[in-house]
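Residue strings, one per chain:
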Amino acid sequence: GAVVSQHPSRVICKSGTSVKIECRSLDFQATTMFWYRQFPKQSLMLMATSNEGSKATYEQGVEKDKFLINHASLTLSTLTVTSAHPEDSSFYICSARNSGSGGYDNEQFFGPGTRLTVL
Amino acid sequence: EDKVVQSPLSLVVHEGDTVTLNCSYEVTNFRSLLWYKQEKKAPTFLFMLTSSGIEKKSGRLSSILDKKELFSILNITATQTGDSAIYLCAEGSARQLTFGSGTQLTVLP
């Protein structure tokens, strides 16, 4: 089946530092990946849509200069939280859409998530 | 703006009970309605519904979609403690998924 990995699974950092989270599709190509944020006891909120080879599309209210997204290849998207602050502490989840044939064209496969804690 | 609303927000039952989770939606160009189960990590896929009135089943879980009334239900029969999780529904347009707030289900032994 389609597998998406995220690294790291957990990160603790000091306020003001930058943190990079990687999202990889392991056995399929993904021209589109999605980044979500989830606060405790809340649902997933879409932050941005990452498109291979072009700029990411950010949702309203998400600062693109703070959450840098790079989708340099068909299997890798990265989210960098720049100058992280305690309010950025959250669970970040990526998903990837299979660009290949077969399956549903809007089917997304989720990574295991990254727990970010900013002290 | 597309909207997905789930109810109840939380539910506590005992093992063996049957539960029904609700999901209503208002979207411009409906494509599909998806159900996910989320435990400690990322959501795991349960069902995808595109047609009205056709029940999808997987073990003790089943789901059905009503495109006229714009809602879906997820049923879990003979609940077990392992069913405790957040259940998310999402509408899948061509561009993205729009998630509801989720229902936190707790099954007590």
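Described below are features of the structure shown in this document. Remember, predicted model here, so these are calculated numbers, not experimental data.

Conventions used here
- Residue numbering note: each chain is counted from 1, following its sequence as written.
- A letter from A marks each chain and a number from 1 marks each ligand, given out in the order of writing.
- Only residues with pLDDT of at least 70 get local features here, since the model is predicted, and only at 80 or more are side-chain atom pairs given and counted; chain-wide, interface and lining totals rely on the full set of residues.
- With hydrogens and water stripped out, all remaining heavy atoms of the structure feed into the side-chain values.
- Two strands form a pair only when DSSP identifies at least two bridges running between them.
- What counts as a helix is a DSSP run of H or I of at least four residues, what counts as a strand is a run of E of at least two, and both are numbered from the N terminus.
- Lines are fitted to the C-alpha atoms to define the axes, a helix being fitted only along its stretch in contact, and any angle between axes, read from their N-to-C directions, falls within 0 to 180 degrees.
- Per-residue accessibility, obtained with a 1.4 Å probe over protein chains only, is compared with the maximum for each type, and a residue is labelled buried under 20%, exposed over 50%, and partly exposed between these values.
- Buried Ala, Val, Leu, Ile, Met, Phe, Trp, Tyr and Cys residues that are joined via side-chain atoms within 4.5 Å together make up what is termed a nonpolar core.
- Put simply, two rings from Phe, Tyr or Trp (the six-membered ring, in Trp's case) pair if the centres are within 6.5 Å, and we call them stacked under 30 degrees between planes, edge-to-face over 60, tilted for the rest.
- A ring is considered to have a charge above it if a Lys NZ or an Arg CZ atom is located within 6 Å of its centre and within 35 degrees of its normal.

**Things to note about the sheet that holds strand β1 (residues 4–7) of chain A**
Residue and element names in this part refer to chain A.
So, step 1. Here 4 strands make up an open sheet; going across it, the order is β1-β3-β8-β7 and the pairing antiparallel. At either end of the open sheet lies a strand with only one pairing partner, and these are β1 and β7 (67–73). Across the sheet, the axes of successive neighbouring strands diverge by a mean angle of 15°, strand direction being ignored.
So, step 2. Inspection of the sheet shows strand β3 (residues 19–25) paired to strand β8 (residues 76–81) by 6 bridges, in the antiparallel sense. Paired with E22 across the two strands is T78, which belongs to β8.

**Quick look at unusual backbone geometry**
So, step 1. Following H7 of chain A, the chain continues into P8 of chain A via a peptide bond in cis, with omega recorded as 0°.
So, step 2. On the secondary structure map, P8 of chain A appears in the loop between β1 and β2 (10–13).
So, step 3. Cis geometry marks the peptide bond from S7 of chain B to P8 of chain B, where omega comes out at -10°.
So, step 4. Inspection of the secondary structure puts P8 of chain B in the loop between β1 (3–7) and β2 (10–14).
So, step 5. Phi is positive for S83 of chain A, close to 45°, though the residue is something other than glycine.
So, step 6. Residue placement: S83 of chain A occurs in the loop between β8 and β9 (90–97).
So, step 7. Judged by relative accessible area, which is 33%, S83 of chain A ranks as partly exposed.

**Here's the deal with the nonpolar core**
So, step 1. Residues V4, W35, F67, L79, Y92 and L116 of chain A are the most contacted members of the largest nonpolar core, which totals 25 residues.
So, step 2. Mapped by element, the contributors of at least two residues to this core are β2, β3, β4 (32–38), β5 (45–51), β7, β8, β9 and β11 (114–118) of chain A.
So, step 3. Residues V4, W35, A85 and C89 of chain B belong to the second largest nonpolar core, which totals 20 residues.

**Thoughts on the packing of aromatic side chains**
So, step 1. In the structure shown here, the tally under the stated rule is 9 aromatic pairs over all chains.
So, step 2. Note on F67 of chain A and Y92 of chain A: the rings are 6.4 Å apart at their centroids and 40° apart in plane angle, and the pair reads as tilted. Placement of the pair is F67 of chain A in strand β7 and Y92 of chain A in strand β9, with a sequence separation of 25 residues.
So, step 3. Accessibility expressed as a relative area gives 3% for F67 of chain A, which makes it buried.
So, step 4. Residue classification places Y92 of chain A among the buried residues on the basis of a relative accessible area of 0%.
So, step 5. Aromatic pair F110 of chain A and F99 of chain B: ring centres 6.1 Å apart, planes at 65°, arrangement edge-to-face. Note that F110 of chain A is positioned in strand β10 (residues 108–110) and F99 of chain B in strand β10 (residues 97–99), a pairing that runs across two chains.
So, step 6. Of the residues examined, F110 of chain A reaches a relative accessible area of 12% and is grouped as buried.
So, step 7. A connected cluster of aromatic rings, assembled from ring pairs, spans Y36 and F110 of chain A together with Y36, F45 and F99 of chain B.
So, step 8. Taking the ring centre of F67 of chain A as reference, the NZ or CZ of K66 of chain A above it sits at 6.0 Å.

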